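# Results of the structural survey
Listed below are the residues making up each chain.
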Amino acid sequence: TWVETLCASTPNCLKENKVSNDVGDKLDQLDRDGYLLVEGALTPDETEHIRQRINYARQQGWDEGLNAVGNMKFDTLLDREPETYQPLVGHPNIRPYLEGMMGKQCQLRSFRAHINPGPYLQEWHLDFYGYWHEKREAEKHRYAVSTVSFNSTFYFQDNKPGSGHLKFVKGGHLSEPEHLYPLDRPKFESWCEAQEHDILHPSAGDCVIFINHMPHQGAKERDDMERSNVVCHYQVTPMHDAVSYVSKPRGYVGTFPFVD
């Protein structure tokens, strides 16, 4: 083929070309569907180690509490144990997709672990509730830009059918949901339930990457199932540290004068 002819003098060229094509196909899939399941993103050893450390965090009382739907969150683990959790930020097996979507403008917004110790049925929700509002606001100004964000969720147990799942509103990143501004929770939930859904059953070590303004819902189908995950939220930030500029940035905190 023309690729073989082109690569004849370059070792590993065919392999690299295939990898590049595979990533491109996956990026197209993420763009089209709004989510991407990366199977085996973590090795079994990585998966077991982090699972144990999340359980240790619970034993130490590092959680921020258990909410009404059965979700216990941990917001401080990256600071407490960076040697354990930092490798999940831009992990090599998901970096091609994060970098392919956001490039150098990819910024970690937050890092959160979860445990669902008992019954768990998440409410239908968006991680980026303000997406459609900000998009409209940006259109009112000549140079304002709206941003997008992504979620990468690592799973530490098998969510097989009958055990657990992650459910999306099919194509929910492409058009604005109803009853969102202002948020009418019962009507929004009913609207989400009435839509066509995509349902995933991630296994231990898998990672799901998805666009953060896509309505979704996690659930346990067995109350006695152990379930934990780690969520990294990323946002597209046009001005990043590698941008060449005449002056040194002062950081982000307190530098947005028009924020209420």
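About the thresholds
- Residues numbered from 1 in each chain as written.
- Predicted model: local features only at pLDDT ≥ 70, side-chain atom pairs only at ≥ 80, totals over all residues.
- Heavy atoms only, no water.
- Helix = DSSP H or I, 4+ residues; strand = E, 2+ residues; numbered from the N terminus.
- Rg over C-alpha atoms; globule rule 2.2 N^0.38 Å.
- Buried < 20%, exposed > 50% of the residue type's maximum accessible area, 1.4 Å probe, protein only.
- Areas by Shrake-Rupley, 256 points an atom, 1.4 Å probe, with all protein chains shown as cover.
- Pairing = 2+ DSSP bridges.
- Axes fitted to C-alpha atoms, helices over the stretch in contact; angles between N-to-C directions.
- Contact = heavy atoms within 4.5 Å.
- Phe/Tyr/Trp six-rings, centres within 6.5 Å; stacked < 30°, edge-to-face > 60°.
- pLDDT = per-residue confidence, 0-100.
- Patch = residues over 30% accessible without salt bridge, like charges linked within 9 Å, V, L, I, M, F, W, Y side chains within 5 Å.
- Salt bridge = Lys/Arg side-chain N within 4 Å of Asp/Glu carboxyl O.
- Arc of directions from axis to C-beta.

### As for the overall build of the protein
- Within the protein one finds eight helices and nine strands.
- In terms of overall size, the protein behaves like a compact globule, its C-alpha atoms giving a radius of gyration of 20 Å where 260 residues would be expected to give roughly 18 Å.
- Summarising its shape, the C-alpha atoms of the protein cover approximately 60 × 50 × 40 Å along the three principal directions.
- By the burial criterion, 40% of the 260 residues in the protein qualify as buried.
- Carbon together with sulfur atoms contributes 51% to the accessible area of the protein, which is approximately 15,100 Å² in total.

### Observations concerning the sheet that holds strand β2 (residues 72-74)
- Strand order in the open sheet made by the six strands is β1-β7-β4-β9-β3-β2, with antiparallel pairing throughout. Unpaired on one side and paired on the other, β1 (35-38) and β2 mark the two borders of the sheet. Adjacent strand axes in the sheet meet at a mean angle of 20 degrees when their direction is disregarded.
- Pairing between β2 and strand β3 (residues 106-115): three bridges, direction antiparallel. Within β3, the position partnered with Met-72 by the bridge is Ile-115.
- Sitting on the sheet, helix α3 (residues 44-59) is in contact with β2, β3, β4 (149-155) and β9 (228-236), with an inclination near 70 degrees to β3.
- Together, β1, β3, β4, β7 (207-211) and β9 form the strand contacts of helix α6 (residues 95-102), whose direction differs from that of β9 by roughly 25 degrees.

### Remarks on the packing of aromatic side chains
- Per the stated rule, a full pass over the model turns up six aromatic pairs.
- Ring centres of Tyr-131 and Trp-132 lie 4.9 Å apart, and the angle between their planes is 85 degrees; this geometry places the pair in the edge-to-face category. For the pair Tyr-131 and Trp-132, a shared accessibility class is recorded, and that class is buried.
- Taken together, the ring pairs in this structure connect Tyr-35, Phe-168 and Phe-210 into an aromatic cluster.

### A few points about the confidence of the model for the protein
- Confidence along the protein averages 92 in pLDDT terms, with 92% of residues attaining 70 or more.
- Low confidence marks residues 1-10, where pLDDT is under 50. Its contacts with residues over four positions away, or in another chain, come to five contacts.

### Thoughts on a nonpolar patch on the surface
- A cluster of nonpolar residues, Met-239, Val-243, Tyr-245 and Val-246, forms a patch on the protein surface that exposes about 460 Å² of accessible area.
- Note that Val-243 resides in the segment after β9.

### Things to note about the environment of Arg-222
- In this structure, Arg-222 sits in the loop between β8 (216-220) and β9.
- Overall, the relative accessible area of 36% leaves Arg-222 in the partly exposed class.
- Arg-222 sits 102 residues away from Tyr-120 along the chain, and the two C-alpha atoms are 8.8 Å apart.
- The contacts of Arg-222, once residues within four sequence positions are left out, are Gly-162 and Ser-163.

### Focus on the pattern of salt bridges
- Applying the stated criterion across every chain, the model contains 11 salt bridges.
- The salt bridge involving Asp-75 is made with Arg-112; its shortest N-O contact spans 2.6 Å. Pair noted here: Asp-75 is in the loop between β2 and α4 (77-80) and Arg-112 is in strand β3, with a separation of 37 residues, a long-range link.

### Examining helix α8 (residues 185-194)
- Here α8 has its buried residues at Phe-188, Glu-189, Trp-191 and Cys-192. Projected down its long axis, α8 carries its buried residues within an arc of 160 degrees, all on one side. In α8, those exposed residues whose orientation departs by more than 90 degrees from the buried face are Pro-186 and Ala-194.
- At its buried positions, α8 is contacted by β5 (164-169) and β6 (197-200).

### Quick word on unusual backbone geometry
- For the bond running from Tyr-181 to Pro-182, omega is -5 degrees, close enough to zero to count as cis.
- Its place among the elements puts Pro-182 in the loop between β5 and α8.

### Regarding the sheet that holds β6
- Reading across from one edge, β6-β5-β8 is the order of the three strands in this open sheet, with antiparallel pairing throughout. Edge positions in the sheet fall to β6 and β8, since each of these pairs with one other strand and no more. Taking each pair of neighbouring strands and ignoring which way they run, the sheet shows an average axis angle of 20 degrees.
- Bridge count between β5 and β6: four bridges; the pairing is antiparallel. The residue bridging Lys-167 from the neighbouring strand is Ile-199, located in β6.

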